[in-house]
Amino acid sequence: MVHDKRPPPWWLEPLASQALAASDPAKGLSEVEAARRLASEGPNELRPKTRHSLLRQYLARFRNPLVLILLAASAVSAVMGELANFAIIATIVLISVTLDFVQEYRANASAERLRRSVSLRAQVWRDGVARQIPAGQIVKGDVVQVSAGDLIPADALVIQAQDLFVKQSLLTGETFPVEKRSAAVDLEADDLQEATNAVFMGSSVISGSARLLVTRTGADTFLGAIADSVSRPSEPTSFELGTRRFGLLIMRLTVLMVMFVLFVNLFEHKPWLESFLFAVALAVGLTPELLPMVVSVTLSRGAMRMARQHVIVKRLSAIQDLGSMDVLCTDKTGTLTEARIRLDRQVDPLGAPSTRVLELAYLNSFFETGLKSPLDEAILESRHVDTSGWTKLDEVPFDFERRRVSVLVEKGGKRWLVVKGAPDEILALCTHYQAEGQEAAVALDEVSTRAIRDQYQQLEQEGLRALGIAWREVPHDHSHAVVSDESALSLAGFAAFLDPPKQSAAVALALLGQAGVAIKVVTGDSDLVTRHVCGALGIEVKGVLLGREIAGMDDAALQARVQDINLFCRVNPAQKERVIRALKARGHVVGYLGDGINDAPSLHAADVGLSVDSAVDVAKEAADMILLRQDLNVLGEAVQEGRRTFGNIMKYILMGTSSNFGNMFSMAGAALFLPFLPMLPTQILLNNMLYDLSELPIPFDKVDAQDLQSPRVMDMNFLRNFMLVLGPISSAFDFLTFFVLLKVFHANEKLFQTGWFIESLCTQVLVIFIIRTRGRWWRSWPHPLLLATSLAVVATAIALPFTSLGHFLGFVPPPASFFGILAAMVLAYLLVAEGAKRAFYRWVARAA
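Please read all numbers here as calculations on a predicted model, not as lab measurements.

1. Some points on the overall build of the protein chain
A tally of helices and strands in the protein chain yields 30 helices and 23 strands. When the 848 residues of the protein chain are sorted by exposure, 56% land in the buried category. For the protein chain, restricting intrachain contacts to residue pairs at least 6 apart in sequence, the fraction spanning at least 24 positions comes to 75%.

2. Points about the pairing of strand E22 (residues 608–612)
Taken across its five residues, E22 has five buried, putting it largely inside the fold. Residue alternation in E22 divides its side chains into two sets, Val 608, Leu 610 and Val 612 and Gly 609 and Ser 611, and both sets are buried. For the crossover that starts at strand E21 (residues 590–593), traverses helix H21 (residues 600–605) and ends in the parallel E22, the hand is right-handed. The sheet contact formed by E22 and strand E23 (residues 625–627) spans three bridges and is parallel. Within the sheet, the bridge partner assigned to Val 612 lies in E23 and is Leu 627.

3. Here we look at the packing of helix H25 (residues 716–744) against helix H26 (residues 749–766)
As a packed pair, H25 and H26 sit with axes 10 Å apart at the nearest point and diverge in direction by 145°. Remark: the crossing between H25 and H26 carries right-handed chirality. On H26, the residues touching Phe 733, Asp 734, Thr 737, Phe 738, Leu 741 and Leu 742 of H25 are Leu 751, Phe 752, Gly 755, Trp 756 and Glu 759. Tallied by class, the residues present in the contact of H25 with H26 amount to seven nonpolar, two polar and two charged.

4. Looking at the sheet that holds strand E18 (residues 518–522)
Two orientations exist for strands paired in a sheet by backbone hydrogen bonds: parallel and antiparallel. Reading across from one edge, E8-E23-E22-E21-E9-E18-E20-E19 is the order of the eight strands in this open sheet, with mixed pairing throughout. Here the strands that pair on one side only, and so sit at the sheet edges, are strand E8 (311–313) and strand E19 (544–546). Put simply, the sheet's adjacent strands are angled 20° from each other on average, direction ignored. Against the sheet, helix H17 (residues 527–537) makes contact with E18, E19 and strand E20 (567–569), and its axis sits at roughly 145° relative to E20, the strand it touches most.

5. Things to note about the pairing of strand E7 (residues 204–216)
Where strand E3 (residues 143–147) and E7 come together, five bridges link them in antiparallel fashion. Within the sheet, the bridge partner assigned to Val 143 lies in E7 and is Leu 213.

6. What to know about the side chain of Thr 645
By secondary structure assignment, the location of Thr 645 is in helix H23 (residues 633–670). When its relative accessible area of 1% is taken as the criterion, Thr 645 is described as buried. A polar side-chain atom of Thr 645 sits 3.0 Å from the main-chain carbonyl oxygen of Glu 641. When near neighbours in sequence (up to four residues on either side) are disregarded, Thr 645 contacts Thr 298, Leu 299, Gly 302 and Ile 319.

7. Quick word on the packing of helix H19 (residues 555–562) against helix H20 (residues 573–585)
For the pair H19 and H20, interaxial distance at closest approach is 9 Å and the crossing angle is 75°. By the angle class used here, H19 and H20 are roughly perpendicular. Along the contact surface, H19 presents Asp 555, Leu 558, Gln 559 and Val 562, while H20 presents Arg 578, Val 579, Ala 582, Leu 583 and Ala 585. The residue makeup of the contact of H19 with H20, split by class, is six nonpolar, one polar and two charged.

8. Concerning a positive patch on the surface
Judged by side-chain charge, Arg 776, Arg 779, Arg 842 and Arg 846 come together as a positively charged surface patch. Looking at the secondary structure, you find Arg 846 in helix H30 (residues 816–847). For Arg 846, a relative accessible area of 63% puts it in the exposed group.

9. Examining the environment of Arg 345
As for its placement among the helices and strands, Arg 345 is situated in strand E10 (residues 342–347). On the basis of relative accessible area, Arg 345 is assigned to the partly exposed category, the value being 27%. Remark: the alpha-carbon pair of Arg 345 and Phe 494, spanning 149 residues in sequence, is separated by 8.4 Å. Contacts of Arg 345, omitting those with residues within four sequence positions, involve Leu 459, Glu 462, Leu 464, Phe 494, Ala 495 and Ala 496. Of the polar contacts made by the side chain of Arg 345, one reaches the side chain of Asp 344; its length is 2.9 Å.

10. Re empty space enclosed by the protein
The full count for this structure, using the stated rule, is three cavities of 30 Å³ or more. Its volume calculated, the largest cavity comes out at about 100 Å³. Considering the residues around the largest cavity, the lining is formed by Gly 647, Met 650, Lys 651, Leu 654, Asp 704, Asp 707, Arg 712, Ile 771, Arg 772, Thr 773, Arg 774 and Tyr 841. Broken down by element, the lining of the largest cavity gets its largest block of residues, four residues, from H23. Of the residues that constitute the lining of the largest cavity, the class distribution is four nonpolar, two polar and six charged.

11. Section: the pattern of salt bridges
A side chain with one charge may pair with a side chain of the opposite charge, provided their charged atoms come close. Per the stated rule, a full pass over the model turns up 28 salt bridges. For Asp 331, the salt bridge identified is with Lys 576, shortest N-O distance 3.4 Å. Placement of Asp 331 in the loop between strand E9 (327–330) and E10 and of Lys 576 in helix H20 is noted, with a sequence separation of 245 residues between them. For Asp 331, a relative accessible area of 2% corresponds to the buried category.

12. Some remarks on the environment of Arg 712
Locating Arg 712 in the fold gives a position in the loop between helix H24 (681–694) and H25. Residue classification places Arg 712 among the buried positions, given a relative accessible area of 16%. Along the primary structure Arg 712 and Gln 320 are separated by 392 residues, whereas in three dimensions their C-alpha atoms are 9.5 Å apart. Ignoring anything within four residues of it in the chain, the contact list for Arg 712 reads Gln 320, Gly 323, Ser 324, Phe 646, Gly 647, Met 650, Asp 707 and Arg 774.

13. Focus: the packing of aromatic side chains
All chains considered together, the criterion is met by 24 aromatic pairs. Residues Tyr 362 and Phe 366 carry aromatic rings whose centres are separated by 6.2 Å and whose planes lie at 15° to one another, so their mutual orientation is stacked. Taken together, the residues Tyr 362 and Phe 366, both in helix H12 (residues 355–367) and four residues apart, mark about one turn of the helix. Phe 366 gets classed as partly exposed once you look at its relative accessible area, which sits at 40%. Taken together, a centroid distance of 6.5 Å and an interplanar angle of 75° make the contact between Trp 777 and Trp 781 edge-to-face. Classification of Trp 777 by relative accessible area gives partly exposed; the value is 34%. Every member of this aromatic cluster is reached through a ring pair, and the members are Phe 676, Phe 735, Phe 738, Phe 752 and Trp 756. It is Arg 211 that lies over the ring of Trp 125; its NZ or CZ is 4.3 Å from the centre.

Basis of the calculations
- Residues numbered from 1 in each chain as written.
- Predicted model: local features only at pLDDT ≥ 70, side-chain atom pairs only at ≥ 80, totals over all residues.
- Heavy atoms only, no water.
- Helix = DSSP H or I, 4+ residues; strand = E, 2+ residues; numbered from the N terminus.
- Buried < 20%, exposed > 50% of the residue type's maximum accessible area, 1.4 Å probe, protein only.
- Contact = heavy atoms within 4.5 Å.
- Right-handed = clockwise from strand over helix to strand, strands pointing away.
- Pairing = 2+ DSSP bridges.
- Axes fitted to C-alpha atoms, helices over the stretch in contact; angles between N-to-C directions.
- Left-handed = near helix turned anticlockwise from the far one by under 90°.
- Nonpolar A, V, L, I, M, F, W, Y, C, P; charged D, E, K, R; others polar.
- Polar contact = N/O pair within 3.5 Å; in protein donor to acceptor, adjacent residues only side chain to side chain.
- Parallel < 35°, antiparallel > 145°, perpendicular 65-115°, else oblique.
- Patch = residues over 30% accessible without salt bridge, like charges linked within 9 Å, V, L, I, M, F, W, Y side chains within 5 Å.
- Areas by Shrake-Rupley, 256 points an atom, 1.4 Å probe, with all protein chains shown as cover.
- Salt bridge = Lys/Arg side-chain N within 4 Å of Asp/Glu carboxyl O.
- Lys, Arg positive; Asp, Glu negative; His and termini not counted.
- Charge placed at Lys NZ, Arg CZ, Asp CG, Glu CD.
- 1 Å grid on protein atoms, 1.4 Å probe; cavity = no way out; pocket = protein on both sides within 12 Å on 5 of 7 lines; lining within 4 Å.
- Points joined across faces, edges and corners; volume = space filled by probe spheres on them.
- Phe/Tyr/Trp six-rings, centres within 6.5 Å; stacked < 30°, edge-to-face > 60°.
- Lys NZ or Arg CZ within 6 Å of the ring centre and 35° of its normal.

Structure below.
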C-alpha cells in the first residue's frame, strides 16, 4: 500500500465543486450564513494541542526502567535505615526527572507560536460589502480581499488577481516569489509549489492584489497540518532509546542475581531476614544510581560550553544525540544559503560579462514605481549606478500577462525605453542584439535566436533565475510609454540571480563529512537550483529523489532508497518528515537543520533538531538547538562537544558494567560456599557510595581524540561484550582474594568482610584509569579532580578499619602483610585489565 496516496488536492477541483454553496464570488457570504458556518466549523484557528495536566506529564517521566530501578533502590535503602543513601538516590532521580520535564514543557510552545503566526484581521466581503473582521472569524466560502503586505489568512482559491506575487518560501522552501492567477492549473499539478491558482495560510503577498475564495480554515489548512505534526509527542531519540535499553539490561541482571542469592541462601537455611537484606543491598549495588547525575552534569557542562560557542541548547539530551549523529539532513534556503536574492552575474547575449546590462537593469529598477520586487532590490544593491543625469518620463507597469516592466528615461536629449522581464518574452520582442563592446546592433536570425535561447536556458540549468534586459531609442517627442512601444527592441543581455550559499557552509559541511556525518539536502526548491548550490558548496550529488517520486513510494521502498540519495527536492513538509523517519528506520541517528515553517515537522521528528537565529519562531521553538551565529562552523564544534559528552557518559556506564558488576557477581558467587555473608548489607551500601563518590568528577574529564573522530551510539551489544570481558576478570581477582583471606590468613567473618571490602573498592576505583581511555592509560592522564577523588576514596577504604567508625560498621584491622599481598593483586589486576581492554578494542575494530 502506498503511504503517500491521497485524493487529488483541492485546488484541482472545479470551483463549482468546492462544496461552498451559498457563496457568491461577487458578494461573498451573508452574515447569517457566515455565522452559521462559524458555529458549525469552529474558528479559523490552528487546533490547540490536547494537553494532560502538568502533574500527569511530570509523573509520565517516571516510566523509564532505569528510574524505576533507582526509586526501588532508594526505597529499600530507607527501609534498611540507610537514610543518607535514600536521600542521595532520590534527590538525583528527582533532579534529573525535573530537568527533563522542564525542557519538554518549554518545547511545547511550538504549536502555540504557529497559532500566532497568521494575520490578526482580514478584509472579507459579506452581503456585498467589504469589511475588516478578525481572521479567526473567517469561514469556508468567505471571499477575502488581499493586497501587498497582507498575510494570507486561510487556504483559498484565486478568483481574481492583479499582478499577484506571493512569498511562500517558509512553506515550500522556494526562494523567489511565486506568481498566482485565477486560471485553472494542469491536472498533474498536485504539489503545493505548482498550485498557481491557490494561496495558503501563513504566506504573504509581495505585490499586487487579489480576491480569494476560502476553501480551508484552521486545522484543515496546510499550515494546520504542520501544526498537528509538531504537536504530536516526539518519538524517543537515540540517546533516550539507549538509556532505556541499558535500564532494562540492568533490571534483568539485578532480578536474576537477587533471585539467585535468595534461592541459594534459603536452600542452605541461612537466616531469612539477613539473606533478604543482603540480596536487596546487592541490588542497590548493581544499580547505577549516579548515572542520572553524571548525565545531567555532563550535559549541563556541555550546554555551557556550547553557549560560549553561540549555540543555545533547549533539550539537554540533544547534546549526546548530536554527538551520535551520523546523518545531517538540511534544508537549503536560509540554512545553507542566505535566504536573500543576489545578482550573481550580468551577461550579454553571447554569454560575456556586460556592464551595459547592469546599467540598463539598474535604470529600470531605480525608476520603476510601486513595491520593489526582491529582484529589483538585488539589482539596486549589487552596485551603484549614477542616475543623476537621467530623468524618468513614463512607465508601463508590470502585469502577469506581459511579464515585463518598461520605463521611458531621458538623458542629454536622448530617450530610451528600457524593458526588463521574463527572458522568453523579452527575446520575442527583439529584432536585434548587441554584444558587449559592439558599436552597432546585429539583426537576429534563426541561428542567433537559438544560440541566445540556449544561453539563458544554460543559466537556468545552473539554478539561476534569469531576467532579459532590452532597450531601444525612441524619438525626442515620444513622451509617453505604452505597451505597443515594446517592440523592435535590441537585446542587451541577461541578469542572473541566485540565493547565495553562506560563506561558512562549504567548510563546515566538509568538516562534518570528515567527522563521519553524511550530508543530505532536503528542500522544497527545484533540483536545478539545489544542484547549483550543492556544486558551490562542494557537495557531490550522488542521487536525486523528487517529491512526486516519494509520493508514489511506501515506507519500505523509501527506506531502500534514502541510503544512497543525498538530494531530495520539491518535497513538502510531510515528505520531508518521511525522509527523516526512513533514515531513522535504517538505524541512523539523524539531525535536521532548518529555518522555515515547513521545516517544523522534520525538526520535531529528527533525533536532534537544529535551527538558526534568523529562523521563524515556529522553527526555533521546534528545534532542540539554535545556532546564534551565521557561521555554520559552530555546528562542527557542537558535534565535537556532543561526542565529548557521550564519551564521558560512556565511561561511567562501562565502569558500572565491568568492575562494579564483577564485584557484585562475586558477592553472589561467594554466597554458594561461605557459611556467612561475604559482606554485610550496610558494608555493601557504603562500598557502593564510596565508589560513586570516586566517579563524581567524570563530567570534567577529557576525552581521547579517537573518540571524537566518528559518531558513536549506546550499543547494547558493545556494552554486553565489554561486561563479559572485563567483568569476569574482576570476579577472578575477587575469588583470588577469597582464597588468600581464607587459606593464607584463615580469616573469620569480620576479617573476611574487611579484606574484601578494601580489595573490591581498590580494584573498582583504580580500574577507572584503565577504562576511561581506549589507549594506554599512562598516555592519557585523567582530570586532576578525578585523580584526587579516586585516590582519596582508596585511602579512605584502607584507613576505615582502623577507625571507630570502621569498628561500628563491623570492620577489623587487617594484618600488615595483607596490604603487601593486596598491592600485588591490585597491580596484577590492573595489568590484566589493561591487556584485556586493548585486546577487546582490537577485536571490535576488526569486527567493524
